[in-house]
Amino acid sequence: MTDGFTIQVMNRAQLDIAVDWAAAEGWNPGLQDAGLFHAADPQGFLVGLQGGEPVACISVVRYGHRYGFLGFYIVAPGWRGKGRGFAVWEAGLQHLRGRTVGLDGVLAQQDNYRKSGFKLAHRNIRYGGAADFGAPAAGLVDAREIAFDRLLEYDRRFFPAPRDGFVSGWLTAPGHRALAALADGELAGLGVIRPCRQGHKIGPLYAATSTQARALLAGLCASITGPVWLDVPETNAAAVTLAESLGMKPDFETARMYKGVAPQVEMARLYGITTFELG
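Residues numbered from 1 in each chain as written. Predicted model: local features only at pLDDT ≥ 70, side-chain atom pairs only at ≥ 80, totals over all residues. Heavy atoms only, no water.

**Q** Give a detailed account of the overall build of the protein chain, specifying residues and quantitative values.
**A** From N to C terminus, the protein chain includes eight helices and 13 strands. On C-alpha atoms alone, the protein chain measures out to a radius of gyration of 19 Å, which is about the 19 Å that the 2.2 N^0.38 rule sets for 279 residues. Seen through its principal axes, the protein chain has C-alpha atoms that stretch 60 × 35 × 30 Å. Evaluated residue by residue, the protein chain yields a buried proportion of 53% over its 279 residues. (Helix = DSSP H or I, 4+ residues; strand = E, 2+ residues; numbered from the N terminus. Rg over C-alpha atoms; globule rule 2.2 N^0.38 Å. Buried < 20%, exposed > 50% of the residue type's maximum accessible area, 1.4 Å probe, protein only.)

So this is what it looks like as structure tokens:
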């Protein structure tokens with residue numbers, strides 16, 4: 001595309017602009033998201049520039065050698081329908097060529113994603129409610145007290161590729177709180193809560209049972225006021241039941257889709273995904 005339009009890797013300041021765009025779209029980003037996302041893969045964020053000004057963006061973060069996740073696909077309102085977004089989309093897919101690619105897209109765009117080779121795996125439902133889940137149960141510990149290699153091994157049961165640097169930052173970022181559930185000395189659950197522009201989001205949330213998931217929710221929200229949100233994969237019926245039993249209400253939904261072979265993870269113990277932007 002000519003006429004002064006170029007595509008390049010985002011710098012850190014441009015990612016702040018993309019996060020502001022996401023906030024304007026109602027995505028309610030976390031307060032530390034921009035820095036943590038950029039650190040996950042500094043080359044994994046593309047921006048479309050018109051005359052040097054950002055008009056479109058996409059994230060195409062690479063994990064390991066075989067997996068990538070696409071998100072942050074946003075076009076500035078005044079530039080929609082002019083081909084800039086599609087050009088950035090194509091550049092993003094080229095960046096992830098040869099990998100299985102996941103995304104969480106709005107349901108209305110599923111047909112467009114299918115045209116690029118994506119297939120629906122499941123829906124995710126964002127549930128929101130007041131942070132009042134009862135008293136924390138015994139058996140929860142600060143996740144930072146657990147050997148990091150154990151946490152990474154546990155995370156790999158629910159995410160299809162290594163993401164060591166991202167997990168390290170996600171557990172320890174300012175304002176983030178991470179708790180682990182132990183059963184007979186073994187990891188039986190892990191949850192993280194982070195402050196957002198409005199309220200807090202919980203993710204990931206992994207648990208062997210709904211009882212442990214509820215205990216983690218209570219522990220994470222013990223000193224929190226205001227609303228919290230949890231992104232639940234619809235295929236985990238126990239997670240849906242738990243969110244609804246706690247009085248949380250559906251906010252909106254996304255379609256988890258994959259281009260390539262869909263990865264196999266422990267969906268029955270996945271109670272809340274980490275982020276819609278990076279998987």
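**Q** I'd like a description of the pairing of strand β12 (residues 249-259), backed by residues and values.
**A** As paired elements, strand β5 (residues 100-106) and β12 share six bridges and run antiparallel to each other. Bridge pairing links Gly105 to Ala255 in β12. Here 10 bridges tie strand β6 (residues 118-130) to β12, and the two strands are oriented antiparallel to one another. In the strand pairing of β12, Arg123 is matched with Ala255. (Pairing = 2+ DSSP bridges.)

**Q** Describe in detail the UniProt feature "domain: N-acetyltransferase" (unreviewed entry) in the protein chain, supporting the description with residues and values.
**A** Here the UniProt-annotated "domain: N-acetyltransferase" (unreviewed entry) positions come out as residues 5-138 and 138-272. For residues 5-138, helix accounts for 29% and strand for 38%, while the C-alpha atoms at its two ends are 57 Å apart. Segment residues 138-272 splits into 27% helix and 36% strand. End C-alpha atoms: 21 Å apart. (UniProt positions renumbered as here; feature names shortened; annotations may be inferred.)

**Q** Provide a residue-level description of the nonpolar core, including the pertinent values.
**A** Counting 45 residues, the largest nonpolar core has Phe45, Tyr63 and Phe72 as its most contacted members. With five residues, helix α1 (residues 12-24) is the single largest residue contributor to this core. Shared between two domains, this core takes at least three residues from each, and those domains are domain 1 (5-121) and domain 2 (127-272). Non-local contacts of Phe45, meaning those with residues more than four positions away in its chain, are made with Gln8, Val9, Met10, Leu15, Phe37, His38, Ile58, Ser59, Val61, Phe72 and Leu278. Core analysis: the second largest hydrophobic core is formed by 27 residues, Ala131, Leu179, Ala239 and Ala243 among them. (Core = buried A, V, L, I, M, F, W, Y, C linked by side-chain atoms within 4.5 Å. Domains from an automatic or database assignment. Contact = heavy atoms within 4.5 Å.)

**Q** Let's hear about the packing of aromatic side chains: which residues, and what values?
**A** Taken as a whole and assessed by the stated rule, the structure comprises 14 aromatic pairs. Each ring, one from Phe37 and one from Trp170, has its centre 6.3 Å from the other, and the planes form 10°; the classification is stacked. With Phe37 in helix α2 (residues 33-40) and Trp170 in helix α6 (residues 164-172), this residue pair connects regions lying 133 residues apart in the sequence. You can call Phe37 buried: its relative accessible area is 0%. (Phe/Tyr/Trp six-rings, centres within 6.5 Å; stacked < 30°, edge-to-face > 60°.)

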